[in-house]
Amino acid sequence: EGDSTNNLTASHANAGTFDVRDGVNHAVLIPQYNLVTGLNVDGIRPAPTLTLTPNAGATSNALTFSGTISFSEPVSGALLANDFKLTNATVSAISGPNATGNYSFTLTPITDGKVSVEIIASGITDTAGNSFTPSNLITFKADYTPPAAVISLNVVAGSVTNANKLNGKVTF
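Source: prediction; values computed, not measured.

With 22 residues, the main nonpolar core has Leu 52, Ile 69, Phe 84, Phe 105 and Leu 107 as its most contacted residues. At the level of elements, β6 (48–53), β8 (65–71), β11 (89–95), β12 (103–109), β13 (113–119) and β15 (138–142) are the ones that each hand at least two residues to this core. Aside from chain neighbours lying at most four places away, what touches Leu 107 is Leu 52, Thr 64, Phe 65, Leu 86, Ala 89, Thr 90, Val 115, Val 117 and Phe 140.

Here it is, written out as structure tokens:
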């Protein structure tokens, strides 16, 4: 009867459930809510999965890639360009979350060579306020330089021939 103030302690092991107890180690009873036990504690950080379309594979000559970041649980918050760890690429058109909780972006390699992308930081959190773990790292080689052909024939420089056939090779 009446209002009272007690010191409460809550114990748990990382994630799962915990009990709320008062200063004399009694389980706390809250009027209208019965015994307070088994409250869920979310100590697990959401895990993102990063994908690119088209699939970059080992080597690609695609000019841009559509990227998607999906999470292991519902999340919210903004994803910004400085949340990406990039090598030899730029990121643009960042949006999300969409109705399924995914974020999207466009990745553009800058020049020939190794390209990598990873999400390392963000204001994105799950409903319990846990920040996410870094995403998987995607790496591939951008190759925009077309092959150059070198033709060499087995003839003496400056000579004239009326041969129907010349031997040679083409090297790329």
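Additional details are given in the paragraphs that follow.
Attention now goes to the packing of aromatic side chains. Summed over the entire model, instances satisfying the criterion amount to 4 aromatic pairs. Consider the rings of Phe 65 and Phe 140, whose centres lie 4.9 Å apart with planes at 55°: the pair is tilted. Of the two residues, Phe 65 is situated in strand β8 and Phe 140 in strand β15; the sequence distance between them amounts to 75 residues. Ring geometry for Phe 71 and Tyr 103: centres 6.0 Å apart, planes at 75°, overall edge-to-face. Here the residue Phe 71 occupies a position in strand β8, and Tyr 103 occupies one in strand β12, the gap between them amounting to 32 residues.

A cluster of nonpolar side chains, contributed by Ile 151, Leu 153, Val 155, Leu 166, Val 170 and Phe 172, occupies part of the molecular surface with about 620 Å² of accessible area. By secondary structure assignment, the location of Ile 151 is in strand β16 (residues 150–153). The exposure class assigned to Ile 151 is exposed, which follows from its relative accessible area of 62%.

This brings us to the side chain of Ser 60. Tracing the backbone shows Ser 60 in strand β7 (residues 59–60). Ser 60 sits in the buried class, given a relative accessible area of 11%.

How each quantity is defined
Residues numbered from 1 in each chain as written. Predicted model: local features only at pLDDT ≥ 70, side-chain atom pairs only at ≥ 80, totals over all residues. Heavy atoms only, no water. Core = buried A, V, L, I, M, F, W, Y, C linked by side-chain atoms within 4.5 Å. Buried < 20%, exposed > 50% of the residue type's maximum accessible area, 1.4 Å probe, protein only. Helix = DSSP H or I, 4+ residues; strand = E, 2+ residues; numbered from the N terminus. Contact = heavy atoms within 4.5 Å. Phe/Tyr/Trp six-rings, centres within 6.5 Å; stacked < 30°, edge-to-face > 60°. Patch = residues over 30% accessible without salt bridge, like charges linked within 9 Å, V, L, I, M, F, W, Y side chains within 5 Å. Areas by Shrake-Rupley, 256 points an atom, 1.4 Å probe, with all protein chains shown as cover. Salt bridge = Lys/Arg side-chain N within 4 Å of Asp/Glu carboxyl O.

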